[in-house]
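Listed below, chain by chain, are the residues.
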Amino acid sequence: MKKPVILCVDDEKIILDSLERQLTRELEQDYILEFAESAIEGLEIIEEYINQGHNIAVVISDQVMPEMSGDEFLIKVHECSPSVVKIMLTGQGSDDSIINAINHANLYRYIGKPWEKADFTLTIKEAAKSYMQEQKLKEQNKNLQEMYEKLKEMNTNLENIVYERTRELHIQKAFFEQLFANSPEGIAILDNEFRITNVNTAFQKLFLYSIDEVINKPIHEIIVPAEYMDEEQYLLKSILSKKIVELESIRKRKDSSLVDVSIIGYLIMAGSEQFGICAIYNDITKRKQSENQLRYLSLHDTLTGLYNRAYFEQEMKRMGDMRNASAGIIVCDIDGLKLINDTLGHKAGDSLIQRAAKVLKESLRPSDLIARIGGDEFAILLNNVDEVQLNSISNRIRLGIEKNNSSDPEYILSMSVGFAKKEENSTSMEDVFKEADADMYNNKIAKGTNAREAIIKSLIKNLREKDFFDTGHNKRLKSLMSHLAQKIGLTEKTIERLHRLTEFHDIGKVGIEKNIIFKPDKLTEEELAQVQKHCEIGYRIAKSITDMKDIADLIAKHHEWWNGNGYPFKIKGKEIPLECRIFAVVDAYVVMTDIRPYRNEMTQDEAIDELRRFAGEQFDPEIVEHFIEMLKEL
């Protein structure tokens, strides 16, 4: 059997490349994967494979494309191959285009861009599986129909082909018996009174009954839950009216557990005579679970469990359509999230988002709808609320933030909050949202840089309390640099910058994993690369704090070498700020003469020899000599 085809159509090459990498890894073994940059090319590929005798299992299409939109393309695909499972992958698709594709192309599902890889792969696998199961069932029904036609033809010529017909009947009987016994779907044969006359092995495994426990019993007494009795009666009546019935429903097992099943039911006929009913059951529990999960994910934010922007906008429109004059909106924005992401990494940023979500859930009423509508932004829909209550709830959120921060987290949570209330028959909910968002922005502007600085200062305070900064080392550095600065004749302002550089030169290490910072063994190349990022991280932190901005450039360059082999900028000579060149010499001396658990400290003379050895390479030779002269004078 030829491999079925999965076709992806998108006019953006980067999207196709991403799809190709993901689908090739997961599906290449079982499917032919094709990728087209336009709908026209996609239709040509489909026509070519159909002519070659291949089945087109799944077509995934972007919506917004030149020449032909995604819904138009999927409708054309449906016209030439109705059984293809069609999926729309789009970040800009309108509701009208999706509805058009559902109504005229039998759209299986639409997925928003950007997609979550695991969920996307699961959707495609389930779509392909659904297609193959449908083809399999069609093939089985086709075979059964063909066999039925053969029996009918044989019956009309019975007198002339008695021997041949008898032989054929034996063959057909064996075939039916094997097909019945070995089918992966559960099959029950019923008489005209809906009593079970036979079930296959798959039926027994699916519903946990032995054949002796069900034989001669009405099917509805065995596997139909009480609340589905009306549906079962309708199903059986439809079959008796000579319809082939297909539906998805729920049935019960012997242990009373429920199972999602697809059901196919039809009459067993020979000519005009009815011999009973065939009911086929297929377990679709996993598919239903996947659909429910995808439905949940389509409405919720995966990080916080709150509703997402799409659901918020849907509910906001619904509330607006109700002309609800007692509705209000609160908008909250996390202050300094980008700074946390840039310095501590996205894991810390995600933790901050989850803390914000927790505060909101604990501060609001059960009836209030909370959604995460952006990376750092939340919105709340409130019903039956006046302006006094909105102000009270906003204050409750602020108190919740303070309570959360009092639990001594590594860094504080700060949010700007704004709200607005719908005026009766005068404002749309979209305008209310804009007003609340503007109120929140005014709150953020009023805070200025205070929130950002508070986050950094709380982080520094926490790290100091955990002895992250080596105060003894820094104290020696400051003392020696003061002597050297006086010898060279530096200004008090330069000396003050040197002291603050000494205190905060390694502030960027807050963004490096502590197990790397405090690792006693030699660092790997990857770990060393991580550590070297602390200069850039420290620069970003210092630029965020008013009274540290003037040393941000010094923090960024304090690991540069005189010969240009330092990091991160590879500058050399006097391109390196004077304060950094002084710091490099004094810091190296203090490190060499300090007591370390992994080596013995050097004597002063040994350290001086090392400084001279690396003068002109790592260190400014002129500063090295000034420093050595100063040491001899102390």
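Rules of the game
- Residues numbered from 1 in each chain as written.
- Predicted model: local features only at pLDDT ≥ 70, side-chain atom pairs only at ≥ 80, totals over all residues.
- Heavy atoms only, no water.
- Helix = DSSP H or I, 4+ residues; strand = E, 2+ residues; numbered from the N terminus.
- Rg over C-alpha atoms; globule rule 2.2 N^0.38 Å.
- Buried < 20%, exposed > 50% of the residue type's maximum accessible area, 1.4 Å probe, protein only.
- Contact = heavy atoms within 4.5 Å.
- Areas by Shrake-Rupley, 256 points an atom, 1.4 Å probe, with all protein chains shown as cover.
- Lys, Arg positive; Asp, Glu negative; His and termini not counted.
- Charge placed at Lys NZ, Arg CZ, Asp CG, Glu CD.
- Pairing = 2+ DSSP bridges.
- Axes fitted to C-alpha atoms, helices over the stretch in contact; angles between N-to-C directions.
- Salt bridge = Lys/Arg side-chain N within 4 Å of Asp/Glu carboxyl O.
- Core = buried A, V, L, I, M, F, W, Y, C linked by side-chain atoms within 4.5 Å.
- 1 Å grid on protein atoms, 1.4 Å probe; cavity = no way out; pocket = protein on both sides within 12 Å on 5 of 7 lines; lining within 4 Å.
- Points joined across faces, edges and corners; volume = space filled by probe spheres on them.
- Patch = residues over 30% accessible without salt bridge, like charges linked within 9 Å, V, L, I, M, F, W, Y side chains within 5 Å.
- Phe/Tyr/Trp six-rings, centres within 6.5 Å; stacked < 30°, edge-to-face > 60°.
- pLDDT = per-residue confidence, 0-100.

A. Spotlight on the overall build of the protein chain. When its secondary structure is counted, the protein chain shows 26 helices and 15 strands. What you see for the protein chain is a C-alpha radius of gyration of 37 Å, clearly larger than the 26 Å of a compact globule of 634 residues, by over 25%. Overall, the protein chain is about 130 × 65 × 55 Å in size when its C-alpha atoms are taken along their principal axes. Taken across its 634 residues, the protein chain has 47% of its residues classed as buried. For the protein chain, the proportion of contacts with a sequence separation of at least 24, taken over those separated by at least 6, is 62%. As presented, the protein chain carries roughly 33,300 Å² of accessible surface, and 49% of it is formed by carbon and sulfur atoms. Each charge sign in the protein chain was given a centre, from 83 positive and 107 negative side chains, and these centres are 3 Å apart.

B. The arrangement of the side chain of Arg500 in detail. As for its placement among the helices and strands, Arg500 is situated in helix H19 (residues 492-504). In this view, Arg500 contacts Asp547, Met548, Asp550 and Ile551; residues no more than four positions away in its chain are not counted.

C. Broad picture of the sheet that holds strand S11 (residues 307-308). Read from one edge to the other, the open sheet built from five strands follows the order S11-S13-S14-S12-S15, with strand pairing classed as mixed. Each end of this open sheet is capped by a strand with a single partner; those strands are S11 and strand S15 (415-421). Taken together, the seven bridges between strand S12 (residues 328-334) and S15 define a ladder with antiparallel strand orientation. Bridge pairing in S15 links Ile330 to Phe419. Contacts from helix H16 (residues 429-447) reach S12, strand S14 (377-382) and S15, with the element oriented near 145° to S15.

D. Expanded view of the pattern of salt bridges. According to the stated counting rule, one finds 32 salt bridges in the structure shown. For Arg251, the salt bridge goes to Glu231, with nearest N and O atoms at 3.2 Å. In this pair, Arg251 is assigned in strand S8 (residues 245-252) and Glu231 in helix H10 (residues 229-240), connecting sequence segments 20 residues apart. Judged by its relative accessible area of 25%, Glu231 falls in the partly exposed class. Glu315 is paired through a salt bridge with Arg318; the nearest N and O atoms lie 2.8 Å apart. One end of the pair, Glu315, and the other, Arg318, are both in helix H12 (residues 309-321), three residues apart, so they sit about a helical turn from each other.

E. Expanded view of the nonpolar core. Counting 79 residues, the largest nonpolar core has Ile330, Ile397 and Phe627 as the members making the most contacts within it. Broken down by element, this core gets its largest block of residues, 10 residues, from helix H24 (residues 578-593). Residue contacts for Phe627: discarding those within four places in its chain leaves Leu480, Leu484, Val585, Val586, Tyr589 and Leu611. Within the second largest apolar cluster, 25 residues are counted, among which are Val199, Phe203, Val245 and Ile277.

F. Expanded view of the environment of Glu575. Take Glu575: it is sitting in the loop between helix H23 (552-557) and H24. Taking the C-alpha atoms as reference, Glu575 lies 9.5 Å from Gly564; in sequence the two are 11 residues apart.

G. Region of interest: empty space enclosed by the protein. This structure, assessed with the given rule, holds three cavities of 30 Å³ or more. The wall of the largest cavity is formed by Leu190, Ile219, Glu232, Leu235, Leu236, Ile239, Arg251, Ile263, Gly265, Ile277, Ala279 and Tyr281. For the lining of the largest cavity, the secondary-structure elements that each account for two or more residues are H10, strand S9 (258-270) and strand S10 (273-283). A total of four residues in the lining of the largest cavity trace back to one element, the largest contributor, which is H10.

H. A look at the environment of Thr524. Topologically, Thr524 is positioned in the loop between helix H20 (514-517) and helix H21 (525-532). What makes Thr524 partly exposed here is its relative accessible area of 41%.

I. Spatial organisation of the environment of Ile102. Structurally, Ile102 can be placed in helix H4 (residues 95-105). Look at Ile102 and you get partly exposed, because its relative accessible area is 44%. A sequence separation of 240 residues divides Ile102 from Asp342, and the C-alpha atoms of the two residues are 43 Å apart.

J. The pairing of strand S1 (residues 5-9), seen in detail. Most of S1 sits inside the fold, with five of its five residues counted as buried. Judged from the five bridges that link them, S1 and strand S3 (residues 56-61) form a sheet pairing that is parallel. In the sheet register, Cys8 faces S3, and the bridge partner there is Ile60. Where S1 meets strand S2 (residues 32-36), five bridges bridge the pair, whose relative direction is parallel. Among the inter-strand pairings, Leu7 is bridged to a residue of S2, identified as Glu34.

K. Region of the structure containing a negative patch on the surface. A cluster of acidic residues, Asp386, Glu387, Glu423, Glu430, Asp431 and Glu435, forms a negative patch on the protein surface. If you tally residues by element for the negative patch, the top one is H16, at three residues. Mapped onto the elements, Glu423 comes out in the loop between S15 and H16. For Glu423, a relative accessible area of 41% gives the class partly exposed.

L. Geometry of the packing of aromatic side chains. Applying the stated criterion across every chain yields a total of seven aromatic pairs. Ring centres of Trp115 and Phe120 lie 5.3 Å apart, and the angle between their planes is 35°; on these two criteria the pair is classed as tilted. Neither residue differs from the other here; Trp115 and Phe120 are each classed as buried. Three or more aromatic residues joined by ring pairs make a cluster, and in this case those are Phe203, Phe207 and Tyr281.

M. Layout of the confidence of the model for the protein chain. The predicted model of the protein chain averages 86 in pLDDT, with 94% of residues at 70 or higher. The lowest-confidence element of the protein chain is helix H17 (residues 450-465), averaging 69 in pLDDT; the highest-confidence one is strand S13 (residues 369-372), averaging 96.

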